[in-house]
Amino acid sequence: MNILGRITELPELPEPLAPLKEMAYNVWLWWSWTPAAQELYRKINPSLWEACRHNPVKLLLEADPERLADLAEDPEYVAAVEAVHQSFRAHLKSRPRSETGTIAYFSAEYGFHESLPIYAGGLGVLAGDHVKAASNLGVDLVGVGLFYHRGYFHQHLSPDGVQTEYHQVLRPEELPLVVVRAADGKPVKVTVEIEGREVAVTAYQVQVGTVPVYLMSTDLPENDPADREITAELYNAEPGMRIRQEIVLGIGGVRLLRALGVEPKVWHMNEGHSAFIALERIRELTEQGLDFDTALEAVAASALFTTHTPVPAGHDAFGFDQVTHYLQGWWDRLGISRERFLALAREDRDGHAVFSMSVLALKTSRFAGGVSRLHGEVSRKMFQHLWPGLEPEEVPIGHVTNGVHTWTWLAPALRDLYERYFPEGWMGELRRPEHWDVDALPASELWAARRTLREALIRDVRARLREQRLRAGEPPARLRAAERALDPGTLTVVFARRFATYKRADLLFHDPERLKAIVNGPYPIQIVFAGKAHPKDEPGKAMIQKIVRLVRELELEDRILVLEDYDIALARTLVFGADLWLNTPRRPMEASGTSGMKSALNGGVNFSVLDGWWAEAYDGQNGWAIGTEREYDSLAAQDAADAASLYDTLEHEILPLFYARDAAGIPTGWLARVRHSIRTAGARFSAERMVREYMDRYYLPAERHGEKLRAEGFAAARELARWKATVAERWPQMRLEVEAPGDLRLNGKALEIEAWVDPAGLAPEHLRLELVLRRSRRGPLFHVPFEPAGSANGRLSFRLAYRPERPGSYAYGVRLSAHHPDFAHPYEVAFVRWA
């Protein structure tokens, strides 16, 4: 057939079933965690429901009209539809009122549900959970992203573990997406300039509860074929594709919101992919007549950057030639030179300068954070060079530890159990620790629920493994073996995450013979691996092959399985049913990790390196640690030490505890860990707590700061820009002289220091002179201000007498810095001079 186009007609549902369509298009927030709603769609056609990957829109498109008519005559089904619909409407109406103006949340990927595969992994799933929790809390948030019409790749594994990738075309009309329309009713379109030509951009909307998320697409007939491909695939590795996608996301995203009349008060960049937001926002203001520096201050005041990457190489960076090619003329639009434009994002890597998207985000935001406490520390050290003269803990990068959306990731069986025994109203106040009354859960019922979830995991794994082997052409004996894989009564360990070398999926195989001895030892154990390697990550792909080969050589294929095509659906199965969640990153390279939180929420127990979220969650009773927090001289030494810790803990602590049963056959010691695990994850690591912290630490302050700098015709922004320019010009002329005793044993006396400052014409109230001390090599930092002691001949004099409150050895220095009352952070700009 010569295809001219496609038409899609949704069925005209019988009146009693009409709510099914409305709920289908709001699937991602409410339906996905409401078992009663899921059951309504499943009952239409159970096998079709599975074939459609739990996509209600696709299900309704494919459903037999006669079946729908029969259900419309079924009083019990109709009553169920009405009850669920009333609950759905009540949920939407019950959202709290927002405390802020509109928050624009930009992310290159979103993981809402498995039937919309526009996510690669943790970053996208976190973004999806953030949006869902924002809706729960009534936050006035709007999401912006890209609609990849071929999504992220699916993975096949050969019998030898060789990964191949393929894509499936996503048709918007078969998804819970609606075309975004302008006021005239036509599909909204904006344009962005790429390589000097205009590229048209349209958008689809997915409604996540009360939060609209706009997904942009360049797949339009008026675009060149090459430009239609810009939004085809997530993380396409073709040269130049990533920067083109990020131009559409950042610049196109701002223009889309303007076209829709959305005026955000705060702009949140979830990773550096959307950092071009700042260029467009600054351009808008310079076109209104503001100079570049004033526009930069006004834009940065209301911008937040969240970094998710703990290693420098993981941050997007482009060559200067590439940037000037794809962003031709942007420096002219901003009213600055090409050199200054490139300096906005300049970073030196491997001896040459690159255009770093994370540096651009940091320089155009006054609020920034990592995604766990440890990751915040790592990020401050990583970007310390942008604030020369500051100690790492002074760098203005904070953190909000990630969390997970409870209702998406809590198994229905456990939700029912918690509902029976937790305090009334616990579902509406997830952040309150007292609501997670795990001691009220009867041991017999908790253990029965855990067994049920493990059995469900095994059923799903068997079905997937059989399909995987059938597709790979394996012999009938291997298909029959898949149907018997795993044992419902055996401790089940899961390792499920991206196959990247730093995640060390092969650490369990560090000593193959010891692993074999443990697996074949007196306590049964079975292990499930799942995860994708990036198509260009050859070492990651090789790691999958290595594990498959070792499992075969050790003759453990009935006890250790490797599953293909890890996605949200498989993740639910695994986090619901795993007894032990294994995580072995090379510390400190895991920014946060959220899969362990999901497992803990369901009563899984974490066994992890003290990295990411686990470094702040582990307390000795809610799971086990692999290794310690120490640093090693070599990667080999770290691997050897962590592997020894893994084997010893697994063999001598974990396995004996799991199989120690009381007279009723219940592992009471194990359930103590399960209870503690649930309590840890429930309140502290919920996405509702996470979004509430974003509100308090970032959204509300950024909104206030942005409004302050924009008030009265940007008066404060103009003054701040002028002040920074003046200080930058005069700072080299600043003189600091200090008279200090050097090394000194105090013996009960005070440290006395005198200092003199030539302010180079700067106002004294903008200068801060302080004693900076650190107790021991890794101890905390202390700041002690000097007291003014007068002035003479244009010089300011200061004195200080100081005795530490706590005995010990302290390193000290004297530092002069410049500050402005309109700084968002005490060290917003590092005007610093050390004596």
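Treat the numbers as computed from the prediction; the structure is a model and nothing was measured. (Residues numbered from 1 in each chain as written. Predicted model: local features only at pLDDT ≥ 70, side-chain atom pairs only at ≥ 80, totals over all residues. Heavy atoms only, no water.)

**Student:** It is not clear to me how a negative patch on the surface should be interpreted in this structure. Could you clarify?
**Tutor:** Negative charge collects at one region of the surface, where Asp-64, Glu-66, Asp-70 and Glu-73 lie side by side. Tracing the sequence through the fold places Asp-64 in the loop between helix H4 (56-62) and helix H5 (65-72). We classify Asp-64 as partly exposed; its relative accessible area is 44%. (Patch = residues over 30% accessible without salt bridge, like charges linked within 9 Å, V, L, I, M, F, W, Y side chains within 5 Å. Areas by Shrake-Rupley, 256 points an atom, 1.4 Å probe, with all protein chains shown as cover. Salt bridge = Lys/Arg side-chain N within 4 Å of Asp/Glu carboxyl O. Lys, Arg positive; Asp, Glu negative; His and termini not counted. Charge placed at Lys NZ, Arg CZ, Asp CG, Glu CD. Helix = DSSP H or I, 4+ residues; strand = E, 2+ residues; numbered from the N terminus. Buried < 20%, exposed > 50% of the residue type's maximum accessible area, 1.4 Å probe, protein only.)

**Student:** Explanation requested: the packing of helix H21 (residues 512-519) against helix H26 (residues 635-659) in the structure shown.
**Tutor:** Two numbers describe a pair of packed helices, the interaxial angle and the distance between the axes. Contact pair H21 / H26: the axes reach a minimum separation of 11 Å and the direction vectors enclose 10°. Here H21 is positioned roughly parallel relative to H26, judged by the angle of their axes. Contact with H21, carried on its side by Arg-514, Leu-515 and Ile-518, involves Ala-644, Tyr-647, Asp-648, Leu-650, Glu-651, His-652 and Leu-655 of H26 and no other residues of that element. Partitioning the contact of H21 with H26 into residue classes produces 6 nonpolar, 1 polar and 3 charged. (Axes fitted to C-alpha atoms, helices over the stretch in contact; angles between N-to-C directions. Parallel < 35°, antiparallel > 145°, perpendicular 65-115°, else oblique. Contact = heavy atoms within 4.5 Å. Nonpolar A, V, L, I, M, F, W, Y, C, P; charged D, E, K, R; others polar.)

**Student:** What am I meant to see in the nonpolar core here?
**Tutor:** Side chains of nonpolar character tend, in soluble globular proteins, to be buried together. Judged by nonpolar contacts, the single largest core of 149 residues is most densely connected at Phe-276, Phe-341, Phe-355 and Leu-771. Here this core gets 16 residues from one element, more than from any other, and that element is helix H28 (residues 687-730). Apart from the residues lying within four places of it in its own chain, the contact partners of Phe-341 are Leu-279, Val-323, Leu-327, Trp-330, Trp-331, Leu-334, Ile-336 and Phe-355. If you look at the next biggest cluster of nonpolar residues, it comprises 99 residues, including Leu-410, Leu-417, Ala-449 and Ile-458. (Core = buried A, V, L, I, M, F, W, Y, C linked by side-chain atoms within 4.5 Å.)

**Student:** Any chance you could explain the environment of Met-382 here in plain terms?
**Tutor:** Counting through the fold element by element, Met-382 comes out in helix H16 (residues 373-382). Here Met-382 falls in the buried class, since its relative accessible area comes to 15%. In this structure, the C-alpha to C-alpha distance between Met-382 and Val-395, residues 13 residues apart in sequence, is 10.0 Å. Ignoring sequence-local partners within four residues, the contact set of Met-382 consists of Thr-309, Pro-310, Val-311, Pro-312 and His-315.

**Student:** How should unusual backbone geometry be read in this particular structure?
**Tutor:** Most peptide bonds take the trans form, and the phi angle of most residues other than glycine is negative. Cis geometry marks the peptide bond from Arg-587 to Pro-588, where omega comes out at 0°. Secondary-structure assignment places Pro-588 in the loop between strand S19 (580-583) and helix H24 (595-601). Of note, the phi angle at Glu-271 is positive, near 80°, even though the residue is not glycine. Position of Glu-271 relative to the elements: it lies in the loop between strand S9 (266-270) and helix H10 (277-287). Taking relative accessible area as the criterion, Glu-271 reaches 6% and is therefore assigned buried. At Asp-565, a residue that is not glycine, the phi angle is positive and equals roughly 60°. Its location among the elements puts Asp-565 in the loop between strand S18 (560-563) and helix H23 (568-577).

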